[in-house]
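So the chains spell out like this:
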Amino acid sequence: MSLTVAPPPPVARLRRLRAVELRTPHFAASGDFYREVWGLEQVESDRDGSWLRGTGDNHHVLSLQRAEANGLGRISFAVTTPAEVDEAARRLLARGIVPVAGPGRLDQVGGGYGLRFTDPEGRLIELSADVEAVVPRDQLGSPVPVGVTHVVLNTVDIDAAVAFYCEVLGMRVSDWSAHQMAFLRINSDHHCIAFHQAEWASLNHVAYEMPSVDHFMRGLGRLKHHGIAPQWGPGRHGPGNNTFSYFTDPAGLVCEYTSDVAQVVEDQWLCRTWPRTPELSDLWGTAGPPSTTVRSHMAGIPDPGPLANREGARA
């Protein structure tokens, strides 16, 4: 009689998406854009890095790093305690995944205790606790993002990517868009990571949460005041039910204002597969189809990950 071996548990319980790091050859211009136009506030900076916050309590939600080409630096997720980081390291090693840093104190702006490892396509993932917090800012004033709410990633193998992030990181699939996109959650927000089947691995876009639809629209008004029009939007998606409006920063990386994302009740939510139709890409019918230009920006350039040239970087 054969015994069924239970799969190992996820390495940690992720609480929220903390921050995203972007690598850019247009470092100065991108910094000006995210501060003066997009609405984030610079917390710290040096010659090759800039760290920016929203209105929430995260020390920073976006970091920009000077680089020779566009790319994704790392994606940071919050866990509750340093002990959970230590346990995550043990569970990663049990799966044959060797952290590239930690567990230990993080030598970075905002500090914290954490670890980093790479996923099968070379993306750098950080799990951290005890990162410095900041006092939340008033959300009633100017339309400023609360923080980063989701990241969409292009992948060459959507099934393998979804399996890794669910089995290793404990994410749950909220919905599919045909077999072209998968939306994954870690808390009640419909998704914090989404994967898009593509020709190469790269960053598709980063989405920033506005506190309300009114803040969302006033944010678009502020961008219009700066002479910047949406490359796609405004509209409201079917999967996730969130509002959307997509722009590009000076490096051509795509950034999104969004609000009103669907909230998942775990024991009531039914994952569904949405057809890929214009009517479901935009329930309002205001945005029209995405242009060839914005699709090109979302495709980006092949990105092997920030540690691709470092021996032993890949998990």
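Residues numbered from 1 in each chain as written. Predicted model: local features only at pLDDT ≥ 70, side-chain atom pairs only at ≥ 80, totals over all residues. Heavy atoms only, no water.

Asks: Explain the sheet that holds strand β3 (residues 49-53) here, please?
Replies: By way of backbone hydrogen bonds, the strands of a sheet pair with one another, either parallel or antiparallel. Judged by pairing direction, the sheet is mixed, and its 8 strands sit side by side in the order β2-β3-β4-β1-β5-β8-β7-β6 without closing on themselves. Two strands close off the open sheet at either side, each with one partner strand: β2 (41-45) and β6 (101-105). Across the sheet, the mean angle from the axis of one strand to that of its neighbour is 20 degrees, orientation sign disregarded. Of the strand pairs in this sheet, strand β1 (residues 16-24) and strand β5 (residues 71-78) are connected by 7 bridges, and their pairing is antiparallel. If you follow R16 over to β5, its bridge partner there is A78. Across the sheet, helix α1 (residues 27-37) lies against β1, β2, β3 and β4 (62-66), angled at about 165 degrees from β4, the strand it touches most. Sheet strands in contact with helix α2 (residues 82-94) are β6, β7 (113-118) and β8 (124-129), and its direction is about 25 degrees off that of β7. (Pairing = 2+ DSSP bridges. Helix = DSSP H or I, 4+ residues; strand = E, 2+ residues; numbered from the N terminus. Axes fitted to C-alpha atoms, helices over the stretch in contact; angles between N-to-C directions. Contact = heavy atoms within 4.5 Å.)

Asks: Any chance you could explain the sheet that holds strand β11 (residues 181-185) here in plain terms?
Replies: Spatially, 9 strands are ordered β14-β15-β16-β13-β9-β12-β11-β10-β17 in an open sheet, and the strand pairing comes out mixed. Strands at the two margins of the open sheet, each flanked by one partner only, are β14 (232-236) and β17 (272-274). Along the sheet, successive strands turn relative to each other by an average axial angle of 20 degrees, direction set aside. Strand direction decides the pairing type here: strand β10 (residues 172-177) and β17, joined by 3 bridges, are parallel.

Asks: Can you walk me through the pattern of salt bridges in this structure?
Replies: Oppositely charged side chains are able to pair whenever their charged atoms sit close together. Under the counting rule described, the total for this entry stands at 17 salt bridges. The salt bridge partner of R172 is E266, with a shortest N-O separation of 2.9 Å. Separated by 94 residues along the polypeptide, R172 in strand β10 and E266 in the loop between β16 (254-259) and β17 bring together distant segments of the chain. A residue is classified by how much of its surface remains accessible, and R172, at 28% relative accessible area, is partly exposed. (Salt bridge = Lys/Arg side-chain N within 4 Å of Asp/Glu carboxyl O. Buried < 20%, exposed > 50% of the residue type's maximum accessible area, 1.4 Å probe, protein only.)

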